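So you can see what is in the structure, the chains are spelled out below.
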Amino acid sequence: MLPFQTLLQPDKQLKQHVYQQIAGRLINLIQEGILQPGSYLPGSRVMADLLQLHRKTVIAAYEELLSQDWIVAIPRKGMMVATNLPLMKPRSYQPAVSPYAQTPGFRFNTQIPSLPAQVAPTKTRLVVNDGAPDVRLAPLEEWIKACRSIIQSPQYPKRLTQGPTAGSENLRQETIRYLSHTRGLRLDLQNILITRGAQMAIYLAASLLVKKGDAVIVASPNYFYADQCFEQLGAQLLRVPADQDGIDTDAVEQLCRTRKIRCLYIISHHHHPTTVTLSAVRRMKLLQLIRTYQLAVIEDDYDYDYHYPTAPILPLASADHGGHVIYIGSMTKSLGLSIRIGYMIAPAAFIEAATALRRLMDLRGDNLSEEALALLLADGTIERHLKKSNKIYHERRDLLCRLLTAKLGDAVDFVPPNGGMALWLPFHRRHPLPVLATKAAAQGVAISDGAHYNYGGLSLNALRFGFASLNPKEITTVVNILAGILQT
Ligand SMILES: Cc1ncc(COP(=O)(O)O)c(C=O)c1O
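Remember, predicted model here, so these are calculated numbers, not experimental data.

A few points about the overall build of the protein chain
Of the regular secondary structure elements, the protein chain holds 17 helices and 14 strands. Looking at the 488 residues of the protein chain, the share that counts as buried comes to 51%. The long-range fraction of contacts in the protein chain, counting pairs at least 24 apart against all pairs at least 6 apart in sequence, stands at 71%. When the accessible area of the protein chain is evaluated, it comes to approximately 24000 Å², of which 55% is carbon and sulfur surface.

Section: the environment of Leu376
Looking at the element boundaries, Leu376 is found in helix H14 (residues 367-378). Accessibility expressed as a relative area gives 1% for Leu376, which makes it buried. Counting along the chain gives 44 residues from Leu376 to Thr332, while the straight-line C-alpha distance between them is 14 Å. Setting aside residues up to four positions removed in sequence, Leu376 forms contacts with Glu142, Trp143, Ala146, Leu335, Thr381 and Ile382.

Some words on the layout of surface pockets
Empty space within the largest pocket amounts to approximately 630 Å³. Lining the largest pocket are 30 residues, and of these Asp130, Gly131, Tyr225, His272 and Leu337 sit closest to its centre. When residues of the lining of the largest pocket are traced back to their parent elements, those giving at least two are helix H8 (197-209), helix H9 (224-232) and helix H12 (332-335). Here the lining of the largest pocket takes four residues from H8, the largest share from any one element. Its residues assigned to classes, the lining of the largest pocket shows 15 nonpolar, 10 polar and five charged. Residue assignment places the lining of the largest pocket across two domains, with domain 2 (126-132 + 384-487) and domain 3 (140-379) each supplying three or more. The calculated volume of the second largest pocket comes to roughly 320 Å³. What lines the second largest pocket is a set of 20 residues, and nearest its centre among them are Gln244, Thr274, Thr275, Val276 and Trp424. Those elements giving two or more residues to the lining of the second largest pocket turn out to be strand E6 (236-243) and strand E12 (422-426). Split by domain, the residues of the lining of the second largest pocket number at least three in each of domain 2 (126-132 + 384-487) and domain 3 (140-379).

A short note on the UniProt feature "domain: HTH gntR-type" (unreviewed entry) in the protein chain
UniProt's entry tags residues 16-84 with the feature "domain: HTH gntR-type" (unreviewed entry), counted in the numbering of this structure. Regarding residues 16-84, the helix share stands at 51% and the strand share at 12%, and the terminal C-alpha atoms are separated by 28 Å.

Describing the side chain of Thr381
As for its placement among the helices and strands, Thr381 is situated in helix H15 (residues 381-408). Judged by its relative accessible area of 5%, Thr381 falls in the buried class. Within the structure, Thr381 has its side chain in polar contact with the side chain of Asp379 (distance 2.5 Å).

A look at helix H3 (residues 44-51)
Considered for burial, the residues of H3 that qualify are Ser44, Met47, Ala48 and Leu51. Along the axis of H3, the buried positions cluster into a sector of 100°, meaning they face one direction only. Turned more than 90 degrees away from the buried face of H3, the exposed residues are Arg45 and Asp49. Looking at the residues trailing H3, positive phi occurs at Gln52, about 55°.

Regarding the sheet that holds strand E10 (residues 325-330)
On the basis of which strands lie adjacent, the open sheet formed by eight strands has the order E4-E11-E10-E9-E8-E5-E6-E7 and mixed pairing. Each of the sheet's edge strands pairs with one partner strand only, and the pair in question is strand E4 (192-195) and strand E7 (246-247). In this structure, strand E8 (residues 263-267) lies alongside strand E9 (residues 296-300), joined through five bridges in parallel fashion. Bridge assignment links Ile266 to a residue of E9, and that residue is Glu299. Sitting on the sheet, helix H7 (residues 169-183) touches E4, E10 and strand E11 (342-345), and the angle it makes with E4 is about 110°.

What to know about the pattern of salt bridges
Scanning all chains against the criterion turns up 16 salt bridges. As a salt-bridge pair, Asp398 and Arg397 come within 2.9 Å of each other at their nearest N and O atoms. With relative accessibility at 28%, the residue Asp398 sits in the partly exposed group. Ionic contacts of the salt-bridge type, sharing partners, join the residues Asp134, Arg136, Arg396 and Glu474 into one network.

Thresholds, definitions, all that
- Note that residues are indexed from 1 along each chain, following the sequence as it is written.
- Local features in this predicted model are restricted to residues of pLDDT 70 or higher, and side-chain atom pairs are both shown and tallied only at a pLDDT of 80 or more, whereas totals for entire chains, interfaces and linings draw on every residue.
- Excluded from the side-chain calculation are hydrogens and water; included are all heavy atoms of the structure.
- Runs of H or I in DSSP of at least four residues are treated as helices and runs of E of at least two as strands, each being numbered from the N terminus.
- Exposure categories follow from relative accessible area, calculated using a 1.4 Å probe and restricted to protein chains: below 20% of the type maximum is buried, above 50% is exposed, and the middle band is partly exposed.
- When checking whether two residues touch, look at their non-hydrogen atoms; a contact exists if any pair is within 4.5 Å.
- Surface accessibility in these figures is a Shrake-Rupley result with a 1.4 Å probe; residues are shielded only by whichever protein chains are displayed.
- Here a cavity denotes a set of grid points, spaced 1 Å apart and computed over the protein atoms alone, in which a 1.4 Å probe fits but from which it cannot get out, and a pocket denotes an open set meeting protein on both sides within 12 Å along at least five of seven lines; residues with an atom within 4 Å of a point are reported as lining.
- Grid points are joined across faces, edges and corners, and a volume is the space filled by probe spheres set on the points.
- Note on residue classes: Ala, Val, Leu, Ile, Met, Phe, Trp, Tyr, Cys and Pro are nonpolar, Asp, Glu, Lys and Arg are charged, and everything else, Gly too, is polar.
- Domain limits in this description derive from either an automatic procedure or a database domain assignment.
- UniProt positions are given in the numbering used here, feature names are shortened, and annotations may be inferred rather than shown by experiment.
- As used in this structure description, the phrase polar contact means that two N or O atoms lie within 3.5 Å; if the pair is within protein, one of them must be able to donate a hydrogen and the other to accept it, and residues adjacent in sequence are counted only when both atoms belong to side chains.
- Arc definition: it is the arc formed by the directions from the helix axis to the C-beta atoms.
- Strand pairing is assigned whenever DSSP detects at least two bridges linking the two strands.
- To obtain an axis, a line is fitted to C-alpha atoms, over the contacting stretch when the element is a helix, and the angle between two such axes runs from 0 to 180 degrees between their N-to-C directions.
- Any Lys or Arg side-chain nitrogen located within 4 Å of an Asp or Glu carboxyl oxygen qualifies as a salt bridge.

Below, the structure is given as structure tokens:
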């Protein structure tokens, strides 16, 4: 018998499970020809004695090898190394074929809108994003606990293979409850579709509304990925100016009077990129226009949950809009941008169509995350987290405003946002952002060069300064570095 005690010594310090280590080493012995095809492994009891392990560990290792076809169980004889091995020499394996072709051998649609690349920092110490949450504050322990309790629940194996395209029913119910409590929305299950973030909801809504050549009104500047969704579908974008009260509703009316408008896209709180909030007066005016011109409205309220000095204004969707508003929201700002959960609220027939469309690209969402979020909404974790993070982000916003005024002076010109995670920061023309971004990158600070916000032919020399994800020390460091660069 081979000296398995020395050949198979597991390392208990390793993260890899001991049975996996044993299975892996036995595979190596087979590959190296030390364990010959047709030879037998010691019985599990004998092997467990040899290795000083629990017999169950050895059985688990053997089951692993059986499942991979390295060994076969021979009745009354034991475990035999397979004579027909799955892969004889993986270690010396060299790909026989040429590398995967990089040039497609067919024509395809390359007319997908895209954005210019941003300046990459040489050694990133700090990243100023365009408005992301601070994941260091997120209730991740609670998230892990919720995930664990779901995985351990008896229903989980079934849930893992099933689930409605519209999203976990628990999450839809909890979101309905949450939206009723925070936005006064009165919804049924057939009014809600869970999506992978607000972005998917924008794309689905746009796809169902817009055909090639349709006119879509957006603010200027606008959230570039929404613009690109509409453009991808062949829409003609009609850009309307926006000021501190949001999109210019007189200009919207003017367009509605003169031509057929397919839809209007608005961001009712903390417009992207300029962070302005649509005023109550303009909301009223829009409601009137919606009715007069039978406008379809996509109301993207991705940032509603983060508002500082005052309460947010109720969305258009909460008013009587006669079935014209598709309301979109996001949960990605609470737990982290990669936990991709958002939602679309709309009349039942629209949700049904959006669900069918979603199914074509994504059969269902991530059930585990959806169930976990439902638990955290139900037990109040999300609301507590929002309360805490609103307070912290409010302080960070104030600190950033103070520092920008004190250290950057007239190089910048900004209005403090009344919520959200970013501050819209236009720089004086004498400080071109591409130059500033390159210099900041050399000092380990990644800032936008502003190119994304110029989408649609603009020339703004402005960026979104995401303050929420930076702590006070980090905000201070970034502003000091920018101030230093501007002084040279
Ligand atoms: C205005 C706006 N809408 C939608 C989104 C997409 O959000 P999500 O991460 O939920 O897809 C963003 C992302 O920042 C945004 O700024």
